[in-house]
Amino acid sequence: TAERVQQPRHVAQGRLEALLKFQQMVIDLTGLDIANASLLDEATAAAEAMAMSRRLSKSPVNTIVVDCDCHPQTIAVVKTRARSMGYEVIVADPYRDLHRYSFFAVLVQYPGSRGEVRDLNEIVQTAHARSALVTVAADLLSLVLLQPPAAFGADIAIGNSQRFGVPMGYGGPHAAFFATRDEYKRSMPGRLI
């Protein structure tokens, strides 16, 4: 009986250790200070990043600019959540048109949904000059080779873990990741181990 009582504790400790390692891997790959371990999928993480950006941004407008090269499911979830919160969503090319809008946040896909890898420096500088936050929806495995979102000055990085070994045939959703700067940790959604 003593052996039976001990077994669940070992399982729980193993899960905690796995979540802690997941968070550390996300921190290492995104270059940001802190990560969580409990969001459902990439699209949901993008919607949570939008809400967090609104809480933190000093911009008076209620508009978010979403990269037209974001995954379609991400754009759809962000639009749905934004409607219920009273935010306006502008789907545009932030590399070309960002200067035309007033916004509290920008969501950029990196690499884009079509596979294009672009420099995010100008987007981040433009957004920060307007007191807006930048969320980068990144492919976690690509960050092994690409410059991390933090190197561009991004405020939040989100994405999913499907590329780390969960076959597409097994369905989804695939666990999301969410990383941000240390100064924003009190506003970060989800569970932190």
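Undergrad: Any chance you could explain the side chain of Glu-42 here in plain terms?
TA: Turning to its location among the elements, Glu-42 is positioned in helix H2 (residues 42-56). Looking at Glu-42, its side chain comes within polar contact range of the side chain of Asn-160, at 3.0 Å. If we skip the residues at most four places from it in the chain, Glu-42 touches His-71, Thr-74, Gln-109, Ala-137, Ile-158, Gly-159, Asn-160 and Ala-176.

Undergrad: What exactly am I supposed to notice about unusual backbone geometry here?
TA: Most peptide bonds take the trans form, and the phi angle of most residues other than glycine is negative. A cis amide bond, omega -15°, links Tyr-110 with the succeeding residue Pro-111. You can see Pro-111 is positioned in the loop between strand S4 (105-110) and helix H5 (121-129). In this model, Ser-131 sits at a positive phi of 60°, which is unusual for a non-glycine residue.

Undergrad: Is there a simple way to explain the environment of Gly-86 in this structure?
TA: You can see Gly-86 is positioned in the loop between helix H3 (72-85) and strand S3 (88-92). Taking the C-alpha atoms as reference points, Gly-86 and Asn-62, 24 residues apart in sequence, are found 7.5 Å from one another.

Undergrad: Where do I start with the nonpolar core in this structure?
TA: Core analysis: the biggest nonpolar cluster contains 30 residues, and Val-26, Phe-103, Val-106, Tyr-110, Val-136 and Phe-177 have the highest contact counts within it. Going through the elements one at a time, helix H1 (2-30), S3, S4, H5, strand S5 (133-138) and strand S7 (176-180) are the ones with two or more residues in this core. Counting residues in each nonpolar core, the second largest holds 26 residues, with Met-50, Cys-70, Ile-156 and Met-188 among its members.

Undergrad: Mind showing me how you'd approach the sheet that holds strand S1 (residues 34-35) here?
TA: Either a parallel or an antiparallel arrangement is found when strands of a sheet pair, and the pairing is made through backbone hydrogen bonds. Ordered in space as S1-S7-S6-S5-S4-S2-S3, the seven strands form an open sheet in which the pairing is mixed. In this open sheet, the two edge strands, each paired with only one partner strand, are S1 and S3. Relative to S7, S1 runs antiparallel, the two being bridged by two bridges. For Ile-34, the partnering residue across the bridge sits in S7 and is Thr-180. H3 rests against strand S2 (63-67), S3 and S4 of the sheet, and its axis sits at about 155° to S3.

Undergrad: Looking at this structure, I do not really get the pairing of S7. What am I missing?
TA: Here S7 lies mainly inside the structure; five of its five residues are buried. What you see with S7 is no split at all: Ala-176, Phe-178 and Thr-180 on one side and Phe-177 and Ala-179 on the other are buried throughout. Two strands pair when backbone bridges link them, and strand S6 (residues 156-160) and S7 are joined in this way by five bridges, in the antiparallel orientation. The partner of Asn-160 across the bridge, within S7, is Ala-176.

Reading the values: rules and limits
Residues numbered from 1 in each chain as written. Predicted model: local features only at pLDDT ≥ 70, side-chain atom pairs only at ≥ 80, totals over all residues. Heavy atoms only, no water. Helix = DSSP H or I, 4+ residues; strand = E, 2+ residues; numbered from the N terminus. Polar contact = N/O pair within 3.5 Å; in protein donor to acceptor, adjacent residues only side chain to side chain. Contact = heavy atoms within 4.5 Å. Core = buried A, V, L, I, M, F, W, Y, C linked by side-chain atoms within 4.5 Å. Buried < 20%, exposed > 50% of the residue type's maximum accessible area, 1.4 Å probe, protein only. Pairing = 2+ DSSP bridges. Axes fitted to C-alpha atoms, helices over the stretch in contact; angles between N-to-C directions.

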